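Each chain, letter by letter, is given below.
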Amino acid sequence: MPRTQVLAIQVATGDSRPLSKQIVDAVRMKIATGELAPGGKLPSVRGLAQQLGINPNTVAKAYAELGNEGWVESRQGLGLFVAPPRQRLSDDERERRLDDAIRHFVHEVVALDYPPQQALQRLDEALRVLIRKTA
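Here goes a summary of the coordinates provided.

Scoring rules and cut-offs
Residues numbered from 1 in each chain as written. Predicted model: local features only at pLDDT ≥ 70, side-chain atom pairs only at ≥ 80, totals over all residues. Heavy atoms only, no water. Salt bridge = Lys/Arg side-chain N within 4 Å of Asp/Glu carboxyl O. Helix = DSSP H or I, 4+ residues; strand = E, 2+ residues; numbered from the N terminus. Pairing = 2+ DSSP bridges. Axes fitted to C-alpha atoms, helices over the stretch in contact; angles between N-to-C directions. Parallel < 35°, antiparallel > 145°, perpendicular 65-115°, else oblique. Left-handed = near helix turned anticlockwise from the far one by under 90°. Contact = heavy atoms within 4.5 Å.

1. Here's the deal with the pattern of salt bridges
Logical step 1: Enumeration according to the criterion identifies 14 salt bridges in this entry.
Logical step 2: For Asp91, the salt bridge goes to Arg94, with nearest N and O atoms at 3.7 Å. Placement of both Asp91 and Arg94 in helix α4 (residues 91-112) is noted, with a separation of three residues, approximately one turn of the helix.
Logical step 3: The closest approach of N and O atoms between Glu93 and Arg97, which form a salt bridge, is 2.8 Å. Of this pair, Glu93 and Arg97 both sit in helix α4, four residues apart, roughly one helical turn.
Logical step 4: A single salt-bridge network, built from bridges that share partners, covers Asp15, Arg17, Lys21, Asp25, Arg28, Glu65 and Glu69.

This is the structure we're talking about:
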């Protein structure tokens, strides 16, 4: 029987994203960086809700979104597991989402009045975690 992987994530009520979105983003990142391995068992809805001190419905909503996107899979009577790697979105959808993310990033940087070079340096540092995964 697979052991449940520890899901060391945090949520913040001061974050502009809903709590469920924070969970989705954190789990995606842990899977993308290899911190959560394919086939690894995730905590139960109730267990993660208790760990984070939030409503179980919030965790259930996040897990449902992750399942719909193909990041996790449910195994009847066993629980929720990290799905095997696969391309989850079409190439066109991936391009569209990348463009949206870049546009959002640029608008935020402009609003914060950061010099472009400093923003690029910080972005480069943040993306290094993905470079290490592919190396």
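There is more to say, and it comes next.
2. Quick notes on the pairing of strand β2 (residues 79-82)
Regular strands show a simple pattern: their side chains alternate between the two faces of the sheet.
Logical step 1: Here strand β1 (residues 72-75) runs beside β2; their pairing, made up of four bridges, is antiparallel. Its bridge partner being in β2, Arg75 is matched across the sheet by Gly79.
Logical step 2: Counting the residues between successive antiparallel strands, the hairpin from β1 to β2 contains three residues, one of them, Gly77, with a positive phi of roughly 80 degrees.

3. A word on the packing of helix α1 (residues 19-32) against helix α3 (residues 56-68)
Logical step 1: Between α1 and α3, the shortest axis-to-axis distance is 8 Å and the interhelical angle comes to 45 degrees. It follows from the interaxial angle that α1 and α3 lie oblique. Note that α1 runs across α3; the crossing there is right-handed. Each of Leu19, Ser20, Ile23, Val24, Val27 and Arg28 in α1 lies in contact with α3, whose residues at this interface are Thr58, Val59, Lys61, Ala62, Glu65 and Leu66.

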